[in-house]
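# Report on the structure
Single-letter residue listing:
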Amino acid sequence: MSFSAAIVGASGFTGGELLRLLLGHPSIEAAQITSRRLAGHPVHRAHPHLRGLSDLVFEPAEDVRACDVAFLCLPHGEAQREIDRYLGLARVVVDLSADFRLRDAGEYEAWYGEAHARPDLLGRAVYGLCETSRGRIREGGEAERGSDRARLISGVGCNATAMILALLPLARAGLVRRAIADLKVGSSEGGAKATDASHHPIRAGATRTYSIGGHRHLAEVRQALGADIDVDATVTSIELVRGVLCTAHVEPTRPVDEREVRRLYREAYEREPFVRIVSERSGLHRLPDPKVVVGSNFADVGFGVDARSGRIVALCAIDNLVKGAAGSAIQAANVAFGLDETAGLRTPGLFPA
């Protein structure tokens, strides 16, 4: 069975990654791509690496046609204002913005500084990280095209994804008294549109902390791990284009040793197709490194226990544009349509990159 996809707002980095991955998907075909700025231009105008691999032409967003799945790559705030239209056109809508990630309207307003345009849909939207929401994404069967049963799946925050996967086994075991996540991130987190902060002479060679607390992705982390989990984060831009490395320092609720921690991670992730445990005793690649997962949907997690202080260090490395965005969106769509969850996503990372 084949499913048609529209990528709305396909000229950015995330839209390009969706198209790149769908070109190798056995069951979901990118049938339409839109861009207000590039309407009428071929796909390689925005994504030169896809030249000769796709004959799609950008179309105006107003011309989106009925499809099986609509991937929305719109600026923050736009999807919530136009969501009824897309739910009427697609059986499944995956919104990659932050508009539908939080289930509570009050939480959304507190973290994003404005009232949500469609608070009635927040409880209906499913958070699109399969490792925490697979059952909810799958449940309900296939929605009928154009009906009010069309399913709404949110995208995931890239930094949130790294924090959640680093901490999930510990949180499930009730071991997190307090966690502080130190995130090192690449420049592609800023998107394709240039800003003063992303201007090359300013960004190149920088090690710039831009969030010392209160990062919006913490709302997703607390929602996924439990509201009583005490988690904070600091985010620092480094000399990197793609990738997130989360190093979370965890004060445990009781003393643990590395053997127990290893067991918890193994039990949590042994059946997860895209989570790999990377925690070796020696060697160059003994802990997660974003460079190893570039271009892939894999999340590499690792851990260690400081014997002196009892602190647990939990790590996760992802490609922010794949597992932190486009890859997770396709993974969720696969689950929603009852396809092999790994379809179109088994591409290994590039090394060296």
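Attention in this report is confined to the structure presented alongside it. (Residues numbered from 1 in each chain as written. Predicted model: local features only at pLDDT ≥ 70, side-chain atom pairs only at ≥ 80, totals over all residues. Heavy atoms only, no water.)

### Some details on the environment of Asp-289
To keep things clear, this is the line we draw: Put simply, DSSP marks the helices as runs of H or I at least four residues long and the strands as runs of E at least two long, and each gets a number from the N terminus on. For this analysis, a polar contact is any N or O atom pair within 3.5 Å, provided that within protein one partner can donate a hydrogen and the other can accept it, and provided that sequence-adjacent residues contribute only side-chain to side-chain pairs.
Structurally, the position occupied by Asp-289 is in the loop between β12 (275-277) and β13 (299-305). Taking the C-alpha atoms as reference points, Asp-289 and Leu-168, 121 residues apart in sequence, are found 19 Å from one another. Among the polar contacts made by the side chain of Asp-289, one reaches the main-chain amide nitrogen of Lys-291 at a distance of 3.0 Å.

### With respect to the side chain of Glu-260
In plain terms, the rule: The buried label goes to any residue with under 20% of its type's maximum accessible area, the exposed label to any with over 50%, and the partly exposed label to all in between, with areas taken from a 1.4 Å probe on protein chains only.
As for its placement among the helices and strands, Glu-260 is situated in helix α8 (residues 258-269). Judged by relative accessible area, which is 17%, Glu-260 ranks as buried. Of note is the side chain of Glu-260, whose polar atom sits 2.5 Å from the side chain of Arg-254.

### Focus on the sheet that holds strand β4 (residues 67-72)
Note the cut-off: Strands qualify as paired when DSSP identifies two bridges or more between them.
What the seven strands build is an open sheet, ordered β3-β2-β1-β4-β5-β7-β6; its pairing is parallel. Each edge of the open sheet is held by one strand with a lone partner, namely β3 (58-59) and β6 (126-127). Two strands pair when backbone bridges link them, and strand β2 (residues 28-34) and β3 are joined in this way by two bridges, in the parallel orientation. Opposite Ile-33, over in β3, you have Phe-58 as the bridge partner.

### Re the packing of helix α4 (residues 130-138) against helix α9 (residues 322-336)
Rules: Here an axis means a line fitted to C-alpha atoms, over the contact stretch when the element is a helix, while the angle between two N-to-C directions is reported on a 0 to 180 degree scale. When describing relative orientation, an angle under 35 degrees is termed roughly parallel and one over 145 degrees roughly antiparallel, while 65 to 115 degrees is termed roughly perpendicular and anything else oblique. Here is the rule for handedness: rotate from the far helix to the near one, and if that takes an anticlockwise turn smaller than a right angle the crossing is left-handed, while a clockwise turn gives right-handed. Whether two residues are in contact is decided by their heavy atoms: any pair within 4.5 Å suffices. Gly is placed with the polar residues, together with every amino acid not listed as nonpolar (Ala, Val, Leu, Ile, Met, Phe, Trp, Tyr, Cys and Pro) or charged (Asp, Glu, Lys and Arg).
At a minimum axis separation of 9 Å, α4 and α9 run at an interaxial angle of 30°. In terms of orientation, α4 and α9 fall into the roughly parallel class. Both α4 and α9 take part in a crossing whose hand is right-handed. Taken together, the residues of α9 that come into contact with α4 (itself represented by Cys-130, Glu-131, Arg-134, Ile-137 and Arg-138) are Lys-323, Gln-331, Ala-332, Val-335 and Ala-336. Residue classes in the contact of α4 with α9 are distributed as five nonpolar, one polar and four charged.

In short, the description is geometric, and any link to function would need to be established separately.
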